[in-house]
Structure formats: C-alpha cells, structure tokens
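Structure assessment
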Amino acid sequence: MDIVIRQDIRKLLHDAQEVRRGLDMLEQDHDDCARDRQQYDLTQLIKRVTRLESDVSMIQSDCMSMNLGYQEDGTWHVVDSLHHAFAIIDILFNGLKQVRTDLNDSFIHPAELKQLEIDWDRFRKTVAQIRKYLQDSENFQKTKGDFLSDR
C-alpha cells in the first residue's frame, strides 16, 4: 500500500479509536448521571466524528488521485466502501444531534446510546472493508507489475 494511503489509514484508525473512547465516556457519564460531563463529552465526540469525516474524505481523494480502488472486473470497491462510510458518518451525526437534543430537554435515552453503538459498529466494519480493499489493490498492483516486468 502506498505510504500516503498507509498514513491515511493510520490516522483514520487512530481517530476511530478516539470516537470509540468518546462513546464509552458518554455511556459512563450517562450511567453516573453526570449531565455536565455528558454535555462536554458529547461536544468532544462530535468533533471526533468530524475528524473521521475528514479522514474518509482524505482517503477518498488520495485513492482517486492514485487511481486506486478500481478492480480488474471494473468495479470501484474502495470508492463504494468510502461512500458507505460517509453514509454511516451522516447517521452518526444525526444520532449525536438527537442525543444532544434529548440531553438539552431532559436526559439521554439509553436506546439512543445503543443505536449509536450499532451505528459505530457498522462504521468500524466498513473501515475494515476499506482497509482490505486497499491491501488487495496493492497486492494486485504488485502482481500486475511483476507480470509486466517479465515481458
């Protein structure tokens, strides 16, 4: 995998871990009935999800500029997965907005925290797919290069 893409993936994984920690803190604060901490953690979590969106955008632009992701069968697996990641991030943003509204009104409903967890897990699986496609693309490029160099 190209060094730029590796750095992009590392940054995405790091920021994803930060979001995971933010979700854990939000749940802990909910269990502790710590409303002020919930508001602070929610603000931080929204910032972290914004960074995730930026990470996915960077990977997408780097993949497009390097012409990565286009498979031999003519499909854009990486690009499709990146679009899916954007869709899940949008769902996460909407869930966080709903949690913020509920917190401002009275309290966060546990079902909404559970839905954030479910959405987060979907995002995590999509990131794993993106990583796999990029690694497969690198292997394909190496094989193709080896084949062409034998001529």
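Structure: see above.
Structural notes, computed from the coordinates. Counting of residues starts from 1 at the beginning of each chain's written sequence and follows it residue by residue. In keeping with the model being predicted, local features are shown solely for residues with a pLDDT of at least 70 and side-chain atom pairs are shown and tallied solely at 80 or more, while totals for entire chains, interfaces and linings include all residues. The basis for the side-chain values is all heavy atoms of the structure; hydrogens and waters are excluded.

Basic side-chain nitrogens of Lys or Arg form a salt bridge, by our definition, when they fall within 4 Å of a carboxyl oxygen of Asp or Glu. In this structure the tally under the stated criterion is 12 salt bridges. As a salt-bridge pair, R21 and E18 come within 2.4 Å of each other at their nearest N and O atoms. With R21 and E18 both in helix 1 (residues 3-31), this residue pair falls 3 residues apart, about one helical turn. When accessible area is computed with a 1.4 Å probe and restricted to protein chains, residues below 20% of their type maximum are described as buried, those above 50% as exposed, and intermediate ones as partly exposed. Relative accessible area serves as the criterion here: at 43%, R21 is assigned to the partly exposed category. Overall, the relative accessible area of 16% leaves E18 in the buried class. Among the ionic pairs, E18 bridges to R48, the shortest N-O distance being 3.7 Å. Of the two residues, E18 is situated in helix 1 and R48 in helix 2 (residues 35-66); the sequence distance between them amounts to 30 residues. Runs of H or I in DSSP of at least four residues are treated as helices and runs of E of at least two as strands, each being numbered from the N terminus.

We call a set of buried residues a nonpolar core when its members are Ala, Val, Leu, Ile, Met, Phe, Trp, Tyr or Cys and they connect through side-chain atoms within 4.5 Å of each other. By size, the foremost hydrophobic cluster in this structure holds 33 residues, and its most contacted members are L52, W120, F123 and L134. No other element matches the 10 residues that helix 3 (residues 77-105) contributes to this core. By definition, residues are in contact when any of their heavy atoms lie within 4.5 Å. Other than its neighbours up to four places away in sequence, W120 contacts A16, V19, R20, L23, L52 and L92.

Turning next to unusual backbone geometry. Non-glycine residue C33 carries a positive phi angle of around 55°. Relative to the helices and strands, C33 is located in the loop between helix 1 and helix 2.

Once that is clear, we can look at the packing of helix 2 against helix 3. As a packed pair, helix 2 and helix 3 sit with axes 10 Å apart at the nearest point and diverge in direction by 165°. Our classification of the angle between helix 2 and helix 3 gives roughly antiparallel. Like other packed secondary-structure pairs, helix 2 and helix 3 cross with a definite hand, here left-handed. All residues other than Ala, Val, Leu, Ile, Met, Phe, Trp, Tyr, Cys, Pro, Asp, Glu, Lys and Arg, Gly among them, are scored as polar; the first ten of these are nonpolar and the last four charged. Each residue belonging to the contact of helix 2 with helix 3 can be placed in one class, and the counts come to 20 nonpolar, 7 polar and 3 charged. The angle between two axes is taken between their N-to-C directions and runs from 0 to 180 degrees, where each axis is a line fitted to C-alpha atoms and a helix contributes only its stretch in contact. An angle below 35 degrees is treated as roughly parallel, one above 145 as roughly antiparallel, one from 65 to 115 as roughly perpendicular, and anything else as oblique. Crossing handedness follows the turn of the near helix against the far one: under a right angle anticlockwise gives a left-handed crossing, and clockwise gives a right-handed one.

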